[in-house]
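# Understanding the architecture of this molecule
Each chain, letter by letter, is given below.
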Amino acid sequence: MEKMNGVSKGRYIMSTGNVLNVAELRKKAGQKPAEELVDALDVTIKNAEKTSLDNGTLQICMKDNDLHTKMKELTRDEIKVGAKVFLNDFSQENLRVAIDTALRILDITFLNSLVLAYHPKMKMTNGSATVQEPEIKEGVIHWGDGTGKCFDDLKELWTVLEEYVDQKKICLLGVSDINCETLKQLYESAKHPPAITQINLSACCVVPPDLKDFCHDKEIQLLTHSDPQEIITKEALVGLNLGDLTPTCTLRYQVHIKCRGVLQAKGFIVSADH
């Protein structure tokens, strides 16, 4: 498989490399996360270095990027690598691909932390899928479809993450945008419970008191973010002239220098299927 704009069937992995030192992207500081990702992919595709992997996947990376240089400027003990995985459809395979690809591209053996953003956005009605649009209420986090199926799927995804913890490939696990009741269920049932939880302040300007209290009691780090539920859409990929590709999973990584908190590198890895 050696096509890009004339897309052939199969899996595609697009790696932006370090976006902090790309001139075209530095001019657009302060973008929303989805806009930043689309622009980073656009620059990557225009400066693409393509590699066909053994499993038939086409990997597309940005030429002459300084990611590996930045990763090697300091020892592994001097940097902290955190990642967030955006997964809108249930797939343990896609989750594994995202993590394994990040470890390979970053050329590291473990992630210091990984946060899972799983947003089950579809439900079945009379055999057809419909998008749920819950009413947004201040101080209330909506997650799932009100059935146990979404939590069951979340638990199965969590067991994948726990395998990586057991293998010492991830140190700390986190989860994004779930309500307090779901967080309690996950915490109580997990072998490796979440040490981090994130909430989106655009949908919840006030931290729910029950969530705040639970995180305090269990020493869970409570963070805010501004990421959309779907960070890259099929329509966005079409707009980049990538043909009929469907995004399956996106991983964003950030590399910080320990103690100083300086951001050393940042990038995205997007998996998509044709």
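Residues numbered from 1 in each chain as written. Predicted model: local features only at pLDDT ≥ 70, side-chain atom pairs only at ≥ 80, totals over all residues. Heavy atoms only, no water.

## Describing the side chain of N112
- In this structure, N112 sits in strand 5 (residues 111-118).
- On the basis of relative accessibility, which here comes to 12%, the residue N112 falls in the buried class.
- A distance of 2.9 Å separates the side chain of N112 from the side chain of R76, its partner in a polar contact.
- Among residues more than four places away in sequence, those in contact with N112 are R76, I79, K80, V81, C171, L172 and K258. (Helix = DSSP H or I, 4+ residues; strand = E, 2+ residues; numbered from the N terminus. Buried < 20%, exposed > 50% of the residue type's maximum accessible area, 1.4 Å probe, protein only. Polar contact = N/O pair within 3.5 Å; in protein donor to acceptor, adjacent residues only side chain to side chain. Contact = heavy atoms within 4.5 Å.)

## Some details on the pattern of salt bridges
- All chains considered together, the criterion is met by 12 salt bridges.
- Between K149 and D153 there is a salt bridge, and its shortest N-O distance comes to 2.8 Å. Separated by 4 residues within a single helix, K149 and D153 lie in helix 5 (residues 148-166), roughly one turn from each other.
- The class for K149 is partly exposed, based on a relative accessible area of 49%.
- When its relative accessible area of 8% is taken as the criterion, D153 is described as buried.
- Close ionic contact of R252 with D227 constitutes a salt bridge, the shortest N to O distance being 2.8 Å. Of the two residues, R252 sits in strand 11 (residues 246-257) while D227 sits in the loop between strand 10 (221-225) and helix 8 (234-239), which places them 25 residues apart along the sequence.
- Residue class for R252 comes out buried when judged on its relative accessible area of 14%.
- The class of D227 is buried, set by a relative accessible area of 4%.
- Here the salt bridges do not stand alone but share partners, grouping R11, E93 and D273 into one network. (Salt bridge = Lys/Arg side-chain N within 4 Å of Asp/Glu carboxyl O.)

## Here we look at the confidence of the model for the chain
- Mean pLDDT for the chain: 87, with 86% of residues reaching 70 or above.
- In the model, residues 122-140 has pLDDT below 50 throughout and makes 29 contacts with residues more than four positions away in sequence or in other chains. (pLDDT = per-residue confidence, 0-100.)

## Overview of the packing of helix 5 against helix 6 (residues 180-189)
- Contact geometry of helix 5 with helix 6 gives a least axis separation of 11 Å together with a crossing angle of 40 degrees. In terms of orientation, helix 5 and helix 6 fall into the oblique class. Seen from above, helix 5 lies across helix 6 with right-handed handedness. Counted together, F151, L154, K155 and W158 of helix 5 and T182, Q185, L186 and S189 of helix 6 form the full contact between these two elements.
- For the contact of helix 5 with helix 6, the residue count by class is 4 nonpolar, 3 polar and 1 charged. (Axes fitted to C-alpha atoms, helices over the stretch in contact; angles between N-to-C directions. Parallel < 35°, antiparallel > 145°, perpendicular 65-115°, else oblique. Left-handed = near helix turned anticlockwise from the far one by under 90°. Nonpolar A, V, L, I, M, F, W, Y, C, P; charged D, E, K, R; others polar.)

## Points about the nonpolar core
- L95 and L114 are the most contacted members of the largest nonpolar core, which has 48 residues in total.
- Setting aside residues no more than four positions away along its own chain, L95 makes contact with V85, L87, L116, L157, V160 and L161. (Core = buried A, V, L, I, M, F, W, Y, C linked by side-chain atoms within 4.5 Å.)

## Some points on the sheet that holds strand 12 (residues 262-273)
- Taken together, the 10 strands give an open sheet; going across it, the order is 2-3-1-12-11-4-5-8-9-10, and neighbouring strands pair in mixed fashion. A single partner strand is all that each edge strand has here, and the edge strands are strand 2 (48-52) and strand 10. Within this sheet the neighbouring strands show an average axis-to-axis angle of 20 degrees, counted without direction.
- Sheet strands in contact with helix 5 are strand 4 (79-87), strand 5 and strand 8 (170-176), and its direction is about 160 degrees off that of strand 8. (Pairing = 2+ DSSP bridges.)

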